[in-house]
Amino acid sequence: MNATPKVPFLDLVTPHMEMRDELVAVLDEALRTAGFVGGPMLEEFERDFAQACDTTYCVGVSSGTDALRFALTGAGVKPGDTVITVPNTFIATTEAISQAGAHFEFVDVNDQTFNMDPKRLEEFLETRCTLDRATGKLMSSKTGTPVTAVVPVHLYGQPAEMDAICDLAQRFHLMVIEDACQAHGAEYRSSKDNRWKKAGSIGEAAAFSFYPGKNLGALGEAGAITTNREDIARVARKLRQHGELRRYHHEREGYNGRLDSVQAGFLRAKLKHLPEWVNARRAAARRYRELLAPLDVKLQLPYEPPWAKAAYHLYVVRTTERDALQKNLTEAGIGTGIHYPIPLHLQEAYRHLGYCEGDFPVAEAAAKEILSLPMYPQLVLEQQRQVAERLIQFFGRSTHSEVRSGMMTALL
């Protein structure tokens, strides 16, 4: 018998080999011109990525963490302020808030989308905050400091429910900074504006990561801020360059947070392929839905609301038998991931904040049950068949003929 072919969780080799000539041309240009920091490659990428996100400005920086930190500071979040976000995200979200000098507090998430739940956000603002009548500012009852911003995370490439979040932000005079680090190419249907909006164009500003495994990934570390506010873009440019806009004239202290020109060139070359890659991810998600339909009782598949066009950075399923299933898939040579196994409020790094198990039950339950299946543009039907066959075999809820029926449907 032939061994089961391996299905990697992520394939970073194939797309780069397909683009080898384009990427080598970028490196050749950098070597030929010595354009390593700033210059045309950076400016051209910033222009093109802003256009791709339907924003006026893009500021390239060294990472997604810096992008969120600079966006918060540029929008006006001050040291000592309180910023609201969610507990089921990568720690970079809260690191950026802390590094901007602010406190963070959590609200729980929706159990279908795993994104910020507007109802819980409203409850937080109404019951865990008070209005300081002397200053007119909303104050956190926990931190005793002004609540000035909310950071919804477009987790796994699924847009958060932005109309409801933005309405609450307007009502309570908060800024909205999108964590779009996993949402390159995602779109949100705003009923308020009666149109589709790109992730990264909805709040005051947004942060993107271009870590290599992202939908649009660099060949190293990189990030960017998108915004329609010139003042935010101006501050972000200062912060990434030691507080200067003009050489050796420092208006404030900043950081070494620049986006290397070579990485900007790589990203610009890859940006041309982003629409087809996102479409390929969506097609793979549709195939998974067809193939895994027999498991609808045992396995919760990703929920995509009618107001969302997810970019499927990750394809995350949910089951109470997660650990056993992951072990079974690993034995079959099928790669998986868990994003994320421990909610932030229960991380050792934040023990001093006094959060306890049970504080955010939806996020906690999800962390024990979610599993990321292989997902990338080059994922093909035969690989997904192998994943589906193993899943259905594990749950024992289908005959071989039913599996094949689902596979044939996925071909249509």
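Provided above is the structure to which this section pertains.
Note that the structure is predicted; figures quoted are calculated from it, not measured.

Caption draft 1: Representation of the environment of Gln99 in the model. Positionally, Gln99 belongs in helix α5 (residues 92–99). By relative accessible area, Gln99 is classed as partly exposed at 38%. Along the primary structure Gln99 and Val83 are separated by 16 residues, whereas in three dimensions their C-alpha atoms are 12 Å apart.

Caption draft 2: Looking closely at the side chain of Gln241. Inspection of the secondary structure puts Gln241 in the loop between α8 (230–240) and β12 (244–246). Given the relative accessible area of 19%, Gln241 is considered buried. Gln241 has contacts with Arg247, Tyr255 and Arg258, leaving out every residue within four places of it along the chain.

Caption draft 3: Geometry of the pairing of strand β7 (residues 175–179). With 5 of 5 residues buried, β7 is to be regarded as a mostly interior element. Every second residue of β7 is oriented toward a common face, with Met175, Ile177 and Asp179 on one face and Val176 and Glu178 on the other, all of them buried. One ladder, built from 2 bridges, connects strand β6 (residues 147–150) with β7; its direction is parallel. From the neighbouring strand, Ala149 faces β7, where its bridge partner is Met175. In this region the chain leaves β6, passes through helix α7 (residues 162–171) and returns to the parallel neighbour β7; the handedness of that crossover is right-handed. Sheet topology places β7 next to strand β10 (residues 205–209); 3 bridges connect them, and they run parallel. If you follow Asp179 over to β10, its bridge partner there is Ala207.

Caption draft 4: Seen up close, helix α4 (residues 64–75). Spanning 12 residues, α4 covers 16 Å between terminal C-alpha atoms, matching the ideal 16 Å at 1.5 Å per step. In terms of residue burial, α4 counts as a mostly covered element, since 10 of its 12 residues are buried. Each element contacted by the buried residues of α4 is listed here: β1 (57–61), α5, β7, β10, β11 (223–227) and α8. Its side-chain oxygen at 3.4 Å from the backbone nitrogen of Thr65, Ser63 defines the N-terminal cap of α4. Residue Gly76 follows α4 closely and has a positive phi angle near 115°.

Caption draft 5: The sheet that holds β6, seen in detail. Strand order in this open sheet of 7 strands is β1-β11-β10-β7-β6-β2-β3, and the pairing throughout is mixed. Both outer strands of the open sheet, β1 and β3 (103–106), are each paired with one neighbouring strand and no more. Here the average twist between neighbouring strands, direction ignored, is 25°. Across the sheet, helix α3 (residues 40–52) touches β1, β10 and β11, and the angle it forms with β1 is around 130°.

Caption draft 6: Quick peek at the pattern of salt bridges. Tallying each qualifying case throughout the model produces 23 salt bridges. Asp66 serves as the salt-bridge partner of Arg69, at 2.3 Å between the closest nitrogen and oxygen. Taken together, the residues span about one helical turn, with Arg69 and Asp66 both in helix α4 at a distance of 3 residues. Overall, the relative accessible area of 11% leaves Arg69 in the buried class.

Caption draft 7: Layout of the side chain of Asn88. For Asn88, the position within the fold is in the loop between β2 (82–85) and α5. Note on Asn88: relative accessible area 12%, which makes it buried. Of note is the side chain of Asn88, whose polar atom sits 2.9 Å from the backbone oxygen of Phe114. Non-local contacts of Asn88, meaning those with residues more than four positions away in its chain, are made with Val109, Phe114, Leu155 and Ala363.

Cut-off values and rules
- Residues numbered from 1 in each chain as written.
- Predicted model: local features only at pLDDT ≥ 70, side-chain atom pairs only at ≥ 80, totals over all residues.
- Heavy atoms only, no water.
- Helix = DSSP H or I, 4+ residues; strand = E, 2+ residues; numbered from the N terminus.
- Buried < 20%, exposed > 50% of the residue type's maximum accessible area, 1.4 Å probe, protein only.
- Contact = heavy atoms within 4.5 Å.
- Pairing = 2+ DSSP bridges.
- Right-handed = clockwise from strand over helix to strand, strands pointing away.
- Expected span 1.5 Å × (residues − 1).
- Polar contact = N/O pair within 3.5 Å; in protein donor to acceptor, adjacent residues only side chain to side chain.
- Axes fitted to C-alpha atoms, helices over the stretch in contact; angles between N-to-C directions.
- Salt bridge = Lys/Arg side-chain N within 4 Å of Asp/Glu carboxyl O.

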